[in-house]
Amino acid sequence: MSDLIIYTPGTVRFPEFEDYIAKAQAVAEVLDSTVLTEDNIQEVRLSLANARKIVNALETRRKEVKNAILEPYNVLEKQVKIITKIINEADDNLRTKVREMEEKEREDKKAVLRELWDKRIPLYTFTEYISDPFDRWIQPQNLNKTYPVSNSEKDMTAWMEQRERDCQSIMGMEAAGYIMDAYTSSLDLASAISEGLARKKRVEEVREKVPESTKEPCAIFYITGETAIQF
């Protein structure tokens, strides 16, 4: 790649450098050794101003030389930036297309899994208690290109079977309503049992605190099943 851009190192000469160094040192020595008085202060200031004029002239020339040397480099920098911009825009466009393609692939795969789900779900009853079960089952790995649909089918079946067993177990428990209410949130049987029993205990404690003189009956109900809830 080094032969793609050809350059010639610039040459800058300052032949009177040594002379100017000597003059500057001489002026500095004079100023350092001068005893400042009311009589010579104007003369000293004039000498310093003359020396400053020389320095300013050298600085101006230095900047002119720098700009002249950098001019071809600045042109090169602009040219490289133009090429870089073209490649970066093409790269961004390609990345966008790749993301769109991958998203379509994920959506297509999700549709296939949804179709498999719809064929299996009529065999189970847990949908009476768990809302949006498909969305709660599916994980990012199931939509990954490298994850086979066959593996997702196994995951799906195992998930359905587990939910069915859990729901059947819960419905056989004494505090089924409380536990099922907790389970529909966590989908974890152990924690749902613990939370459900705790809820039942709290409700019973509230009932005990209701004054006996209260004539109107008081009850708290937990309704399970989508059909029953809608009714």
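Relevant structure appears above.
Thresholds applied
- Residues numbered from 1 in each chain as written.
- Predicted model: local features only at pLDDT ≥ 70, side-chain atom pairs only at ≥ 80, totals over all residues.
- Heavy atoms only, no water.
- Helix = DSSP H or I, 4+ residues; strand = E, 2+ residues; numbered from the N terminus.
- Rg over C-alpha atoms; globule rule 2.2 N^0.38 Å.
- Areas by Shrake-Rupley, 256 points an atom, 1.4 Å probe, with all protein chains shown as cover.
- Lys, Arg positive; Asp, Glu negative; His and termini not counted.
- Charge placed at Lys NZ, Arg CZ, Asp CG, Glu CD.
- Salt bridge = Lys/Arg side-chain N within 4 Å of Asp/Glu carboxyl O.
- Contact = heavy atoms within 4.5 Å.
- Polar contact = N/O pair within 3.5 Å; in protein donor to acceptor, adjacent residues only side chain to side chain.

Visitor: Where do I start with the overall build of the chain in this structure?
Guide: What the chain contains, in helices and strands, is seven helices and zero strands. In summary, the chain has a C-alpha radius of gyration of 43 Å against a globular reference of 17 Å for 231 residues, an excess of more than 25%. Roughly 18200 Å² of accessible area belongs to the chain as shown, and the carbon and sulfur atoms make up 55% of that amount. Side chains of the chain carry 34 positive and 42 negative charges; the gap between the two charge centres is 2 Å.

Visitor: Even after reading the chapter, I still don't get the pattern of salt bridges, so can you show me in this structure?
Guide: Side-chain pairing between opposite charges can occur once the charged atoms of the two side chains come close. One pass over the full model with this rule turns up 14 salt bridges. Residue Asp166 is joined to Arg163 by a salt bridge in which the shortest nitrogen-to-oxygen separation is 3.6 Å. Of the two residues, Asp166 and Arg163 both sit in helix α4 (residues 149-171), three residues apart, roughly one turn of that helix. Ionic pairing is found between Arg199 and Glu195, a salt bridge with its closest N-O pair at 3.1 Å.

Visitor: What exactly am I supposed to notice about unusual backbone geometry here?
Guide: Trans is the prevailing form of peptide bonds, just as negative phi is the prevailing case for residues other than glycine. In this model, Asp132 sits at a positive phi of 50°, which is unusual for a non-glycine residue. Along the polypeptide, Asp132 turns up in the loop between α2 (41-120) and α3 (133-137). For Leu187, which is not glycine, the phi torsion reads 55° and is therefore positive. Among the structural elements, Leu187 can be located in the loop between α5 (176-186) and α6 (189-209).

Visitor: What exactly am I supposed to notice about the environment of Asn142 here?
Guide: Within the secondary structure, Asn142 is located in the loop between α3 and α4. A C-alpha to C-alpha distance of 8.4 Å links Asn142 and Lys109, two positions 33 residues apart in sequence. Ignoring sequence-local partners within four residues, the contact set of Asn142 consists of Lys109, Leu113, Trp137, Tyr147, Ser152 and Asp155. Engagement of the side chain of Asn142 in a polar contact is seen with the backbone nitrogen of Gln139, the distance being 2.8 Å. At a separation of 3.1 Å, a polar atom in the side chain of Asn142 contacts the side chain of Ser152.

Interpretation in functional terms is not warranted from these geometric data alone.
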